[in-house]
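Summary of structural features
The residues making up each chain are set out below.
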2 protein chains.
Amino acid sequence: MIDPAAPPTSDPIAELLTTYNDLNSSSPDELTEIPSPLEFMRYVSRNQPFVVRGGASDWKATRTWSVDVLKERMAGMRVNVAVTPKGNADAPVKSEDGEMLFLKPWEEEQDFAQFMDFVIQQEGSGEMNGEVRYAQTQNDNLRNEYSELFTDVDPSIPFARIALQKPPEAINLWIGNSHSVTALHKDNYENIYVQIIGQKHFVLLPPLAYACVNEKEMSPGSYVRGEGGELLVKREDGDRVPFALWDPDGRGGEGTRYSGLARPVRVSLGKGDMLYLPALWQVQSYHKVSQSCEDGICCAVNYWHDMEFGGSFYPFCGFARNVALGAFVD
Amino acid sequence: MIDPAAPPTSDPIAELLTTYNDLNSSSPDELTEIPSPLEFMRYVSRNQPFVVRGGASDWKATRTWSVDVLKERMAGMRVNVAVTPKGNADAPVKSEDGEMLFLKPWEEEQDFAQFMDFVIQQEGSGEMNGEVRYAQTQNDNLRNEYSELFTDVDPSIPFARIALQKPPEAINLWIGNSHSVTALHKDNYENIYVQIIGQKHFVLLPPLAYACVNEKEMSPGSYVRGEGGELLVKREDGDRVPFALWDPDGRGGEGTRYSGLARPVRVSLGKGDMLYLPALWQVQSYHKVSQSCEDGICCAVNYWHDMEFGGSFYPFCGFARNVALGAFVD
C-alpha cells in the first residue's frame with residue numbers, strides 16, 4: 001500500500017520530524033505573566049507548551065504550604081498512596097524471564113502524616129529503603145481526598161476554562177520525593193501543571209514524534225504487597241498495553257532508528273511556576289528536592305481539561321502513530 | 001520502510017479519513033453574527049470552516065455595488081483580466097497529444113467598462129462566445145488596481161487581524177460570471193471570503209484528505225492570444241507543477257482509490273455572506289449568477305492572512321501528502 005521508494009520523499013517519517021524541528025524551537029516560550037484566553041488559544045492551536053514563571057506565586061498554597069502546614073491540615077486523614085520498589089509507577093519493567101510488563105503500582109491507604117514522614121525520611125537518608133511512596137491518584141483527588149486543601153489553590157485556571165469553554169475535568173495533587181519518576185507517557189488532556197514545593201523536571205516530545213518513542217505492547221500487571229511487606233510482581237489478565245519504551249535521557253529504555261531525530265523539550269519548574277502541557281505530548285518527568293528550603297518533598301497541582309477531538313489534530317496524531325507502527329514491523 | 005501489512009491498521013490513510021469523518025460534520029457551522037477573536041481562534045485551532053450569514057450585509061459594498069456603480073467608479077480605468085477558452089484559469093488541461101498540462105490564463109489589460117460589458121453580455125446570452133474573462137489578480141488588487149473601490153469594504157477583518165496578530169497580507173477583488181470555475185487547489189493562507197454580488201458555491205476538502213485529490217505533476221503552460229484573437233496553448237519551460245486532478249463533483253477529473261472516503265464540505269454564499277476558509281484546505285468553486293437581481297455578474301472580496309507554520313499542523317499536512325504520494329507509486 002505504501003511504497004518506501006516513493007517520491008518526493010523516501011521517508012515521510014524522517015521528513016515529518018525534520019520539518020517540525022526546522023519550524024519549532026526546542027525551548028518552550030517563557031511568559032512573565034498569565035496569558036489571556038486568546039493568547040492561550042494560540043498555543044493550543046499550535047499544540048505548543050509554554051511556562052509562566054511565577055504564574056502561581058501569589059496562590060495561598062504557594063505562599064503557605066510546608067510539611068508542617070500540610071500535616072496539620074490533613075491531620076488524622078488517610079490517603080491513597082502508590083507504592084513501587086523503585087519509584088516507577090505505571091511503567092514498563094522487565095520481568096525475571098525477560099518479558100516486558102506494564103506495571104501499575106501497589107495502592108494502599110496510609111495515614112497522611114505517616115506517609116509524609118516516610119517520604120521526608122527517605123529523601124533525607126539518601127537511600128531508597130526498599131520502596132518508594134507517591135501520592136498521585138489522578139482521579140480529581142484535590143476536590144475529593146484532599147478537599148481540605150483545595151481552598152488554597154485557584155478553583156480553575158481562568159484563561160484555560162474560558163478558552164476551552166469547559167471547567168477542569170480533574171484537579172490533581174501530587175506529593176512525592178526525588179525517587180519518584182514518571183515514564184514517557186501521554187494523556188488526552190490539555191494540562192496546566194503548577195509547582196507548589198520543590199522542583200520538577202520535564203522532558204517533552206510533540207505528538208508527531210510517535211516514531212521515536214518505541215511503543216510496544218506489553219502484558220499488564222501490578223505490584224502487590226506480600227505477607228512480609230515486600231513488593232511482588234503480579235501478572236494480570238487483560239489486553240496487552242501499548243506503551244513507550246524510549247527514555248530520551250538515555251537511562252535505559254531503548255529508542256528506534258528515528259529517536260535521534262527527536263528534539264526533546266526540557267523544562268524545569270520551581271515554586272509557583274506554571275506549565276502548559278499540550279494534549280497528547282509525550283511526557284517524562286522526575287523530581288528534584290532542594291533539601292534546604294523545601295522540607296524534603298515535592299508537591300504540585302495540575303488541571304486536566306478535556307481535549308478537542310473535532311478538527312484535524314486528533315486524526316493526524318492517530319495517523320502518525322499508525323504510520324510509525326507500520327514502519328516497525330520486524 | 002513502511003509495511004502495508006502492519007498492525008494495528010493495515011491502511012493508515014483509510015483510518016485517517018474515516019476517523020476524521022467520524023469526528024467532524026460535513027456541514028460547516030453557520031454563525032449568525034461575527035465571531036470574537038477568541039471564537040475565531042477556536043476554529044483556526046481546529047482548522048474548521050464556518051459561515052457567517054449576512055456577516056457583511058452592512059458593508060457599503062454589499063449595500064450599494066451594482067454594475068452601474070462599479071462602471072461609474074472605475075470609469076476610464078484599465079484592469080488585468082484573465083482570459084481562458086472555458087473559464088478554467090490555473091487548471092489541469094489535457095493537451096492534444098493527451099498529456100496533462102497545468103495552464104495559466106492569458107492575462108491582458110482591458111478597459112474596465114468593456115470588460116464588464118463582455119461578462120454581462122456573455123452571461124445574458126447563455127453562450128460562451130469563444131472565451132471567458134475573469135478579473136482575478138490575486139495580488140492585493142483591491143488595494144492597488146481597484147483602490148477606488150477599497151473604501152467600500154472593511155479595511156481588515158478585525159476578528160482575524162486580532163486573533164492572528166497580523167493584518168491581511170492581501171485583499172483581492174474577484175469579478176466574473178457563471179462561466180468561471182476554480183479547480184481544486186489549496187493556499188497557504190487563512191482566508192476570509194465575502195460575497196458581494198451573486199452567489200458562489202464551494203466544495204471544500206480538509207488538508208488530511210490529500211490522498212483523495214489525485215495530485216499529479218504536470219508540465220507548465222499558459223494560454224496566449226494569437227494574432228487572430230484566438231487562444232492558443234503555449235508550453236513553458238520550468239519545473240513540473242503538482243496539482244490535484246480530482247473533481248469531487250464528478251465532472252471529469254479522476255479520483256483515487258481513497259476519493260470515496262472523502263466527505264466534501266459544500267457551502268454556498270449569497271450577498272453579504274462571509275466564509276472562513278482555513279489554511280491548506282482544498283477548494284473548488286463555481287459561480288451562480290441570479291440574473292434577475294444581480295445584473296449578470298458575481299463579485300467577491302477575500303482577505304488572505306499568512307498561516308502559522310509553527311506547531312504541528314503544517315508538518316502534519318506535509319506528512320499526509322508525502323504518505324499519500326508514496327501510496328500511489330504505480
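Residues numbered from 1 in each chain as written. Chains lettered and ligands numbered in written order. Predicted model: local features only at pLDDT ≥ 70, side-chain atom pairs only at ≥ 80, totals over all residues. Heavy atoms only, no water.

Under an unreviewed UniProt entry, the name given to chain A is JmjC domain-containing protein 7, and the organism recorded is Lachnellula arida.

1. Quick notes on the relation of the copies chain B and chain A
Stated formally: When the copies are overlaid, the least-squares fit takes in C-alpha atoms only where the residue has pLDDT of at least 70 in both copies. A contact between two residues is defined here by any heavy atoms of the two lying within 4.5 Å.
Taken as rigid bodies, chain B and chain A are interconverted by a rotation of 180 degrees and an axial shift of 0.0 Å, the fit giving an RMSD of 0.0 Å. Taken together, the rotation angle and the small translation identify this as a two-fold axis. Measuring from the rotation axis to each C-alpha of chain B, the shortest distance belongs to Ser45(B), at 2.0 Å. With an isologous cut-off of 70% or more, the 100% of interface residues of chain B that recur at the interface of chain A puts this contact in the isologous class.

2. Some remarks on the packing of helix 10 (residues 313-327) of chain A against helix 10 (residues 313-327) of chain B
As a reminder, the rule being used: Axis angles are defined between N-to-C directions and span 0 to 180 degrees, where every axis is a line fitted to C-alpha atoms and, for a helix, only to the segment in contact. Only DSSP runs of H or I covering at least 4 residues are called helices, and only runs of E covering at least 2 are called strands; the numbering of each starts at the N terminus. Working rule for angles: under 35 degrees goes down as roughly parallel, over 145 as roughly antiparallel, 65 to 115 as roughly perpendicular, anything else as oblique. It is the rotation of the near helix from the far one that decides the hand of a crossing: anticlockwise by less than a right angle makes it left-handed, clockwise makes it right-handed. Amino acids are sorted into nonpolar (Ala, Val, Leu, Ile, Met, Phe, Trp, Tyr, Cys and Pro), charged (Asp, Glu, Lys and Arg) and polar (every other residue, Gly among them).
Relative orientation of the contacting elements helix 10 of chain A and helix 10 of chain B amounts to 50 degrees, with a least axis distance of 11 Å. In this view, helix 10 of chain A runs oblique relative to helix 10 of chain B, as classed from their interaxial angle. When you trace helix 10 of chain A past helix 10 of chain B, the crossing you get is left-handed. Residues Phe313(A), Phe316(A), Cys317(A), Phe319(A), Ala320(A) and Val323(A) of helix 10 of chain A pack against Phe313(B), Phe316(B), Cys317(B), Phe319(B), Ala320(B) and Val323(B) of helix 10 of chain B. Looking at the contact of helix 10 of chain A with helix 10 of chain B residue by residue, the class counts come to 12 nonpolar, no polar and no charged.

3. A word on the state of the cysteines
Where two cysteines share a covalent bond between their sulfur atoms, that bond is called a disulfide. All names here are of chain A. Convention followed: Disulfide assignment relies on a single distance test, namely cysteine sulfur atoms paired within 2.5 Å. Remark: exposure states derive from per-residue accessible area (1.4 Å probe, protein chains only) relative to the maximum for the residue type, with buried under 20%, exposed over 50%, and partly exposed in between.
In total, this model carries 0 disulfides over all chains according to the counting rule given. Unpaired in terms of disulfides, Cys 299 finds its nearest cysteine sulfur in Cys 298, a separation of 8.7 Å. A residue is classified by how much of its surface remains accessible, and Cys 299, at 1% relative accessible area, is buried.

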